[in-house]
Amino acid sequence: MLKGLVSLYLSLIFLSSGTIVLAAESGYVARSNLMQNIRSEFSVLARMAQEKIQFDESLAESTRLTLLNLAASAPTIFEDNELPINSEALPAIWENWEDFISKSEDFEFALEGIETSTLIDLRSSLGNVGATCGSCHQKYRMK
Ligand code: HEC
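Reading guide: rules and limits
- Residues numbered from 1 in each chain as written.
- Predicted model: local features only at pLDDT ≥ 70, side-chain atom pairs only at ≥ 80, totals over all residues.
- Helix = DSSP H or I, 4+ residues; strand = E, 2+ residues; numbered from the N terminus.
- Near = placed C-beta within 6 Å.
- Nonpolar A, V, L, I, M, F, W, Y, C, P; charged D, E, K, R; others polar.
- Core = buried A, V, L, I, M, F, W, Y, C linked by C-beta atoms within 7 Å.
- Buried ≥ 20, exposed ≤ 12 C-beta atoms within 10 Å, placed from the backbone.
- Contact = placed C-beta atoms within 7 Å.
- Axes fitted to C-alpha atoms, helices over the stretch in contact; angles between N-to-C directions.
- Parallel < 35°, antiparallel > 145°, perpendicular 65-115°, else oblique.
- Left-handed = near helix turned anticlockwise from the far one by under 90°.

Caption draft 1: Molecular detail of the overall build of the chain. Scanning the chain from terminus to terminus reveals six helices and zero strands. The helix and strand sequence of the chain, counted from the amino end, reads α-α-α-α-α-α.

What follows is the structure, encoded as structure tokens:
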């Protein structure tokens, strides 16, 4: 709710200034949106692996590619170290930038390793991805 209000507030500022180009998200809002997109795409694969939705090779593969694109945008999106009170990002990100980038690359590497040809393959390759989310969150996201 609070997050929704904050982004509404930001878009109102940008609209009233008349510079629509600036309406591109930045800082915390962009980070939060990126992570929410990552979560929702990842949950497609997780639900498929758990047979909560039907296995579909082409959906699995396109979801994997979407996740790779999202992951590739993380370093640029996280460059902005704006830290409003509702952000869960820790200042350690910008103090250990190289390490943060390497965790982001580990995430991409795990996504590259997802096998989408059969349900069994998907299941056995997905755990590695979850581990890379956890490893970055443990160090760089507030609990
Ligand atoms: C390279 C580091 C890194 C990786 C990898 C990563 N995250 Fe995050 N995630 C963060 C940080 C940092 C935040 C806090 C961002 C903020 O609040 O400014 C975050 C926040 C989130 C949030 C909260 C978003 C919000 O504001 O509502 C979700 C959900 C999330 N991550 C899911 C995931 C999932 C699922 C994965 C793996 C599939 C993942 N993340 C991988 C660093 C990472």
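Caption draft 2: The arrangement of the site of the ligand in detail. Residues in close proximity to the ligand total 24 residues, the closest being Ser32, Met35, Ala89, Cys133 and Cys136. Elements supplying a minimum of two residues to the shell around the ligand: helix 2 (27–49), helix 5 (97–112) and helix 6 (119–140). In terms of residues, the shell around the ligand owes the most to one element, helix 2, which gives eight residues. Its residues placed into classes, the shell around the ligand shows 13 nonpolar, six polar and five charged.

Caption draft 3: Structural context of unusual backbone geometry. Phi at Glu51 is positive, roughly 60°, even though this residue is not glycine. Inspection of the secondary structure assignment puts Glu51 in the loop between helix 2 and helix 3 (57–77).

Caption draft 4: Quick peek at the nonpolar core. Grouped together as the largest cluster of nonpolar side chains are 21 residues, with contacts concentrated most on Leu45, Ala71, Leu111, Leu122 and Leu126. Put simply, the parts of the chain that give this core at least two residues each are helix 2, helix 3, helix 5 and helix 6. When residues of this core are assigned to their parent elements, the largest contribution, five residues, is made by helix 3. The contact partners of Leu111, leaving out residues within four places of it in the chain, are Arg64, Leu67, Leu68, Ala71 and Val129.

Caption draft 5: Just the packing of helix 5 against helix 6, in detail. Relative to each other, helix 5 and helix 6 sit at 165°, their axes nearing to 8 Å. When the axes of helix 5 and helix 6 are compared, the pair comes out roughly antiparallel. Crossing hand, helix 5 versus helix 6: left-handed. Contact with helix 5, carried on its side by Phe100, Lys103, Asp106, Phe107, Ala110 and Leu111, involves Asn128, Val129, Thr132, Ser135, Cys136 and Tyr140 of helix 6 and no other residues of that element. Grouping the amino acids of the contact of helix 5 with helix 6 by side-chain chemistry returns seven nonpolar, three polar and two charged.

Caption draft 6: Fine view of the environment of Phe109. Topologically, Phe109 is positioned in helix 5. Note on Phe109: 13 C-beta atoms within 10 Å, which makes it partly exposed. Between the C-alpha atom of Phe109 and that of Leu68, which follows or precedes it by 41 residues, the distance is 9.0 Å.

Caption draft 7: Quick look at the packing of helix 2 against helix 6. One way to put it is that helix 2 packs onto helix 6 with a least axis distance of 9 Å and a crossing angle of 130°. When the axes of helix 2 and helix 6 are compared, the pair comes out oblique. Classified by chirality, the crossing of helix 6 by helix 2 is left-handed. Mapping the contact onto sequence places Leu45, Ala46, Met48 and Ala49 in helix 2 and Leu122, Arg123 and Leu126 in helix 6. Residues that form the contact of helix 2 with helix 6 fall into these classes: six nonpolar, no polar and one charged.

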